[in-house]
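Residue strings, one per chain:
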Amino acid sequence: MSGLAMPKPDDATMRRRGEIVADMRIIVPGEGVVDAANEMRAFESDGLTAYRQLPLVVVLPETVAQVSRVLKYCNDRNIRVVPRGSGTSLSGGALPLEDAVLLVMSRFNRVIEIDFPNRIVVAQPGVTNLGITTAVEQKGFYYAPDPSSQIACSIGGNVAENSGGVHCLKYGLTANNVLGIEMVLMNGEVVRLGGRHLDAEGYDLLGVMTGSEGLLGVVTEITVRILKKPETARALLIGFPTSEQGGQCVADIIGAGIIPGGMEMMDRPAIHAAEDFVHAGYPLDVEALLIVELDGPSVEVDHFITEVEAIAIRNGSTTCRISQSEQERLSFWAGRKAAFPAVGRISPDYYCMDGTIPRKELPRVLAGMRELSEKYGLGVANVFHAGDGNLHPLILYDANVPGELDKAESFGADILRLCVKVGGVLTGEHGVGVEKRDLMPEMFNEIDLDQQMRVKCAFDPNHLLNPGKVFPQLRRCAELGRMHVHRGQMAFPDIPRF
């Protein structure tokens, strides 16, 4: 599994595999347990397919009681558990462990309640992101966070990663749209955080759980807020001679006090790939393409369109199309939504990164990525949520060429280091998982990481939930502070840590 260091399998657990599988079949009868190697292949990785590992056993519960019993069983016997949703994670957060039960929540796929007067939906974690909008759109409502994988990604996975999307600049990430959850702790205890109300008293444990990447508990029910569709939505398709000019235009739009419903940017490689794929009518003679969507009352939208157009001209735009119909607006977005699969047609493989920077640093970071591309001899296509500075560089490589995956990983790590250097963070919505785990010391010192680990210890003192993810090394709760990490280097690095 490449050179990625993961927790060493527990020999006692491996020896008891047959017993554990038999007990899982008692807790989750029928077809809820998968233990044959060829059948478990479907679960050996998530969206970060560079890393693969078969689990000890796959368990697909259907009820909260089954989830509770599985977790309690594993907790009592010191068996590791890796929660999994739809498997679309791009950071390896759902990567199985050889000695762990892979707890797959895909059978929790029902919308439990739709409450239009209170503008909420209660859903199980296996419901897809788009499924929530589909359930309420006949009444003119929708669910705002819209990752590019929304047709497949689950709402439970969205909570685990705090997923974003095209319209999160104005309407917020998952954290801003989840009101409450039901979750099961590692000891089998079922608890509720938040509810139907906008905010709750006490510590913001709901905020702690959102983006916790399966390290603290297993979510079994989610209450989200839904919004009324805006009266009007129109989009501008703006081309620039350089990515730096496009980046400056983004900063100027926000600086003018305009908050678009969505603002996305693509560079030349991504533009050409998307146009060849969906024929959205993108200009092919520009280096950067900015899509700006404005929504709200018609008068307000018309006013802001004029302002955005003027800002674009001041930044040297060479083309600007304004959607004149709903069909044309959707065509603008069609290429952006299909950008990831489109890039897959121009390169045998690509490595999708995820970092976030202050908007004003866009020109600097884009220039830095070009320099890194030349350094590593690998192409890069940029597709990102320009409005909130969430970058998604797609590093192009060929896994069949020896050493190219390693180069792509090093290239990606340098991009993330650059993001941190300019005041940004390692991830915007994909999570840390295993992909960015060993880069955490670039952003956090030992004291920071220890404090985060103490939160983990409060929920899961035996470190059985999703170990080997997020934190650079495994430590028992009693050992906090005994391992020093400085600038990504540990003392005595030759000593096995797992």
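Residues numbered from 1 in each chain as written. Predicted model: local features only at pLDDT ≥ 70, side-chain atom pairs only at ≥ 80, totals over all residues. Heavy atoms only, no water.

A few words on the overall build of the chain. Each helix and strand in the chain was counted, giving 17 helices and 21 strands. Expected size for 498 residues packed as a compact globule is a radius of gyration near 23 Å; at 23 Å, the chain falls within 12% of this value. Over its C-alpha atoms, taken along the principal directions, the chain stretches across nearly 65 × 55 × 45 Å. Pairs at least 24 apart in sequence give 72% of the contacts found in the chain among residues at least 6 apart. (Helix = DSSP H or I, 4+ residues; strand = E, 2+ residues; numbered from the N terminus. Rg over C-alpha atoms; globule rule 2.2 N^0.38 Å. Contact = heavy atoms within 4.5 Å.)

Take the pattern of salt bridges next. Evaluated as defined, the whole model comprises 27 salt bridges. Across the salt bridge formed by Asp76 and Lys72, the nearest N and O atoms sit 2.9 Å from each other. Of this pair, Asp76 and Lys72 both sit in helix 4 (residues 64-76), 4 residues apart, roughly one helical turn. Note on Lys72: relative accessible area 44%, which makes it partly exposed. When salt bridges that share partners are traced, they join Lys375, Asp414, Arg417 and Glu442 into one network. (Salt bridge = Lys/Arg side-chain N within 4 Å of Asp/Glu carboxyl O. Buried < 20%, exposed > 50% of the residue type's maximum accessible area, 1.4 Å probe, protein only.)

Attention now moves to the sheet that holds strand 6 (residues 120-123). One open sheet accounts for 5 strands, arranged 5-6-10-8-9; its pairing is antiparallel. Both outer strands of the open sheet, strand 5 (111-115) and strand 9 (190-194), are each paired with one neighbouring strand and no more. With direction set aside, neighbouring strand axes in the sheet form an average angle of 15 degrees. Bridge count for strand 8 (residues 178-184) against strand 10 (residues 218-225) is 6 bridges, and the pairing is antiparallel. Along strand 10, the bridge assignment pairs Ile181 with Ile222. The sheet contacts of helix 4 involve strand 8, strand 9 and strand 10, and relative to strand 8 the element is tilted by about 55 degrees. (Pairing = 2+ DSSP bridges. Axes fitted to C-alpha atoms, helices over the stretch in contact; angles between N-to-C directions.)

Moving on, we get to the nonpolar core. If you look at the biggest cluster of nonpolar residues, it comprises 97 residues, and the most contacted ones within it are Ile181, Ile253, Met263, Leu290 and Val292. A per-element tally of this core places helix 15 (residues 404-421) first, with 9 residues. Excluding its chain neighbours within four sequence positions, the residues that come into contact with Val292 are Arg234, Ala235, Leu236, Ile238, Ile253, Pro260, Gly262, Met263 and Val308. In terms of nonpolar packing, the next biggest core, distinct from the first, is built from 25 residues, Val21, Met24, Val59 and Phe108 among them. (Core = buried A, V, L, I, M, F, W, Y, C linked by side-chain atoms within 4.5 Å.)

Attention shifts here to the sheet that holds strand 4 (residues 100-104). One open sheet accounts for 4 strands, arranged 1-2-4-3; its pairing is mixed. Where the open sheet ends on each side, the last strands, each with one partner, are strand 1 (33-34) and strand 3 (80-84). As paired elements, strand 1 and strand 2 (residues 57-59) share 2 bridges and run antiparallel to each other. Residue pairing in the sheet places Val33 in a bridge with Val59 of strand 2. Sheet strands touched by helix 4: strand 2, strand 3 and strand 4. Its angle to strand 4, the strand with the most contacts, is close to 165 degrees.

What follows covers a nonpolar patch on the surface. Residues Tyr203, Leu205, Val208 and Val455 make up a contiguous nonpolar surface patch of about 390 Å² in total accessible area. When you line up the elements, Leu205 lands in helix 8 (residues 205-209). (Patch = residues over 30% accessible without salt bridge, like charges linked within 9 Å, V, L, I, M, F, W, Y side chains within 5 Å. Areas by Shrake-Rupley, 256 points an atom, 1.4 Å probe, with all protein chains shown as cover.)

Contact pair helix 2 (residues 17-27) / helix 4: the axes reach a minimum separation of 10 Å and the direction vectors enclose 155 degrees. Viewed along their axes, helix 2 and helix 4 adopt a mutual orientation that is roughly antiparallel. Where helix 2 crosses over helix 4, the handedness of that crossing is right-handed. Contacts from Glu19, Ile20, Asp23, Met24 and Ile27 of helix 2 reach helix 4 at Gln66, Arg69, Val70 and Tyr73. (Parallel < 35°, antiparallel > 145°, perpendicular 65-115°, else oblique. Left-handed = near helix turned anticlockwise from the far one by under 90°.)

Moving on, we come to the pairing of strand 3. Of all 5 residues making up strand 3, 5 are buried, and the element is well covered by its neighbours. Burial along strand 3 is two-sided: Arg80, Val82 and Arg84 and Val81 and Pro83, pointing in opposite directions, are all buried. With 5 bridges connecting them, strand 3 and strand 4 associate as parallel partners. By the bridge assignment for strand 4, Arg84 is matched with Val104.

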